[in-house]
Each structure stands twice: as structure tokens, then as C-alpha cells.
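Remarks on the overall topology
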Amino acid sequence: VWFMRQAGRSLPEYRAARGTGSILDAIADPELAAEITLQPVRRYGVDAAVLFSDIVVPVHAVGFGVDVEQGRGPVVAAPFRSPDDLRRLRPLEPATDVPYVTDAVRLVARELEGSDVALIGFAGAPFTVASYLVEGGPSRTFAKVKTLMHAEPLVWGDLVDRLAEMAAAFLRAQVRAGASVVQLFDSWAGCLSPAEYERFVLPSTCRVLDAVGELGVPTILFGVGTGELLALMGTSGAQVVGVDWRVPLDEARRRVGPGCAVQGNLDPGLCLGPFEVVAEGARDVLARAGSEPGHIFNLGHGVLPETDPGILS
Ligand code: CP3
């Protein structure tokens, strides 16, 4: 069991430690990032800590010009518009570009030594990071990124290849520093048809998972609204596929296929309700997970900011 709080800042201790200013500055402070990473472990006794970082950290670090606006998400001052923009995505050198991330991982790993608590490192999957770079910020329609992949497949291929290399380098550095599991966030892949996903997104995703799998740590591939993509995600090489609340977990297991564990899938929206509603939802998830091994209990997405932190205890 663990919880992602990305979309949610429900913990008072998080808000107190975090202060104001850009989240990218907080992430660049290893002691602070380590402290924030450990807060949910202390409060809830969850089985895993998820590193306090963000999916846009690598592209920010190579100078693409990304910031994270509070209440909005990642925004790009000069979005990706032409093949010339590929030059703005040089390879990531973790030791010099993101030393603060590996320092934070080391601090957390040291704190967790001797316990059974896993440390989840993560990166954004090529499609989801590309969506921010091309759209310039959060999008409802993903019109620009879809236009690019269909109209300029070669440029698209180069873009996601570069992002895959960056994600792989970022994840390998986190594993070498002590992360025991990695999760690849393809949060917005659910906007794609299975054919689009298979042709334009799955190959670069597999490359990231392969590169990390070689290090022998379990890998989780996560997305939202991916009901129709679960079978393809099950072929990615990830050991675990994340599932949101739209597909019941027994059906999700069937779609993902044998040999792959599932993670999910309580609706974060249910967690705003009275405790009995939350408990009933959690019992349903567990019943549908069945007695087979290979289930990580999770919300279908992050804890919503307005959630009463006590309800998850
Ligand atoms: O506990 C955890 O979730 C670990 C930390 C974490 C953050 N971002 C910190 C964060 C993780 C795993 C992420 C990943 C991330 N970032 C994803 C994939 C996960 C998902 O939600 O699907 C995505 C899409 C992003 C991009 C991003 N960063 C968004 C959409 C937002 C929300 C903007 C808002 O304010 O509503 C952020 C900001 C962000 N990243 C916050 C946190 C704790 C909140 C803002 C802050 O504290 O300044």
C-alpha cells in the first residue's frame, strides 16, 4: 500500500514544510525533499515512500524552460514547435544536472535502511512529458501533441526517443542511489486510441522500462483513463501496471494478462466521502484483486487536495 499525493496537498505537515515558492526549488533541496518523502510513511505506515520530485525535473534541468505553477501544473515558456526545438533537449547527465535528486534518494534510502519500506523512484513517460512540452501546459484535448505525432512522425519519433533516453538515465541514477522500485508515469496516455498508443508511444515506453529492468528493480507503468490500453501496457515489460477506478480490478487483471501485477484502484473521489464509503470502496478493490499475488493497493490517481488526511489512516 502507498499513496500518491501529486494532485493533492492534503497533509498539513507537507504544507508547513513546503512553504511558498516554486516546487522545483523545493525539489532542489535534498534535505527538504527527503523530509517530505518520509512524511506519509510516518503518518500512515505505508509500505512504500514515493520520492518527492516531479516528472518535469529532467527537462527543466537541461534548460528547456519549464516551471510548475501552483494550482495549474507544468508550463513551458517556449513550447516545442519545430524540429529545431529538438536541440533544446540534450541528453541528461544525472551527476551534474540533477545531483539534488540522487542526494535526496540517498538520504531517504539511509533513513529506510533496515525497514521493509520500499523507496519508489519515478520519471515521466515520454508521451506525458512530450504533451507538456508541445502543448505548453496542461491540456484537455491534446490537440497539438496529436497533430505532431500524426503529421510529423519522424520529428515525433526523435522527440520521444530523446525523452526516453532522459527518463532512462534519470531512473537508473535513482536506482543506483538507492531507489528499490521505479514507476513510469504516463498519466495522460488515456487520451490516445490503442492504435496511437501502440504506434507512437509504446516503443519508447518499452525502451525506458528495458533500460531500467536491466538493473533488476521492479517497474510500474502508470496511466489514467487507460482502460482500453491495459492489454498493450501489459506487453510493455513492466512488472506492474497501474489501473484507475474506471475499470474494475478483476476486469483490469484480465486485460493486463498473466504475469503482470496490478496497482490500484480506489477512486480518489470516494475518499472525500464518509469513512463507510471509503471502507466499502477499499473492500471492493480488495475483493476484486482476488487471492492471486501481485496487487499493490493504491488510489486510481493521487490523493485530492481537499481530502481529510485522517480518512486514509
Ligand atoms: O507523493 C507523491 O505523489 C510524490 C511526488 C510527486 C509530485 N509530482 C510532486 C508534486 C509525483 C509522483 C509527481 C509526478 C507528476 N507530476 C505527474 C504524474 C503523476 C500524476 O498525477 O499523474 C504529473 C502529471 C506531474 C505534473 C504536475 N506537477 C502537475 C499536474 C501538478 C499539479 C499542479 C497543481 O498545483 O494542481 C504538479 C505539481 C506538484 N507536483 C505538486 C506536488 C506535491 C503540487 C504543487 C506544489 O506543492 O507546489
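**Section: the site of the ligand**
In the neighbourhood of the ligand, 26 residues make up the surrounding shell, with R5, Y14, R18, S187 and H301 lying closest. A distance of 2.4 Å separates an oxygen atom of the ligand from a polar atom in the side chain of S187. Within the complex, the protein chains bury 95% of what would otherwise be the 860 Å² of accessible surface of the ligand. Mapped onto the shell around the ligand, the elements with two or more residues apiece are α1 (12–18) and β3 (73–76). The residue makeup of the shell around the ligand, split by class, is 14 nonpolar, seven polar and five charged.

**So, helix α12 (residues 249–256)**
Helical geometry note: an α-helix holds 3.6 residues per turn, so side chains three or four residues apart project in the same direction. Of all the positions in α12, only L249, A252, R253 and V256 are classed as buried. Looking down the long axis of α12, one finds its buried residues gathered within 100 degrees of arc, a one-sided arrangement. Against α11 (230–233), β7 (240–242), β8 (261–266), α13 (275–289) and β9 (295–299) lie the buried residues of α12. Just past α12, the residue G257 takes up positive phi, approximately 95 degrees.

**Some thoughts on the environment of V278**
Structurally, the position occupied by V278 is in helix α13. Excluding residues within four positions of it along the chain, V278 makes contact with L266, L270, C271, G273 and I311.

**Digging into the pattern of salt bridges**
A complete count under the given rule lists 18 salt bridges for this structure. A salt bridge links R72 to E69, with the nearest nitrogen and oxygen atoms 3.7 Å apart. Given a relative accessible area of 47%, R72 falls into the partly exposed group. According to the relative accessible area criterion, E69 is partly exposed, its value standing at 38%. Across the pair R254 and E251 runs a salt bridge, and its minimum N-O distance is 2.8 Å. Note that R254 and E251 are positioned in helix α12 at a spacing of three residues, about one turn of the helix. If you follow the salt bridges from partner to partner, you end up with E228, E251, R254 and R255 in one network.

**Describing the packing of α12 against α13**
Two elements in contact, α12 and α13, have axes whose closest approach is 7 Å; the angle formed by their N-to-C orientations is 35 degrees. The two elements α12 and α13 cross, and the hand of that crossing is right-handed. Listed contacts from α13 to L249, D250 and R253 of α12 are V285, R288 and A289.

**With respect to unusual backbone geometry**
Glycine aside, negative phi is the norm for most residues, and most peptide bonds take the trans geometry. Each neighbour pair has its own omega, and for G264 with N265 the value is -10 degrees, a cis peptide bond. In this fold, N265 is placed in strand β8.

**Things to note about the sheet that holds β9**
Spatially, β1-β4-β5-β6-β7-β8-β9 is the arrangement adopted by the seven strands of the open sheet, whose pairing is parallel. The open sheet has two edge strands, β1 (48–50) and β9, and neither has a second partner. Strand-to-strand twist in this sheet, taken as the mean axis angle between neighbours without regard to direction, amounts to 25 degrees. Across two bridges, strand β6 (residues 219–222) lies against β7 in parallel orientation. Within β7, the residue paired with L221 across the bridge is V241. The strands touched by helix α6 (residues 99–112) are β1 and β4 (118–124); relative to β4, the strand with the most contacts, the crossing angle is about 160 degrees.

Thresholds applied
- Residues numbered from 1 in each chain as written.
- Predicted model: local features only at pLDDT ≥ 70, side-chain atom pairs only at ≥ 80, totals over all residues.
- Heavy atoms only, no water.
- Near = heavy atom within 4 Å.
- Polar contact = N/O pair within 3.5 Å; in protein donor to acceptor, adjacent residues only side chain to side chain.
- Areas by Shrake-Rupley, 256 points an atom, 1.4 Å probe, with all protein chains shown as cover.
- Helix = DSSP H or I, 4+ residues; strand = E, 2+ residues; numbered from the N terminus.
- Nonpolar A, V, L, I, M, F, W, Y, C, P; charged D, E, K, R; others polar.
- Buried < 20%, exposed > 50% of the residue type's maximum accessible area, 1.4 Å probe, protein only.
- Arc of directions from axis to C-beta.
- Contact = heavy atoms within 4.5 Å.
- Salt bridge = Lys/Arg side-chain N within 4 Å of Asp/Glu carboxyl O.
- Axes fitted to C-alpha atoms, helices over the stretch in contact; angles between N-to-C directions.
- Left-handed = near helix turned anticlockwise from the far one by under 90°.
- Pairing = 2+ DSSP bridges.

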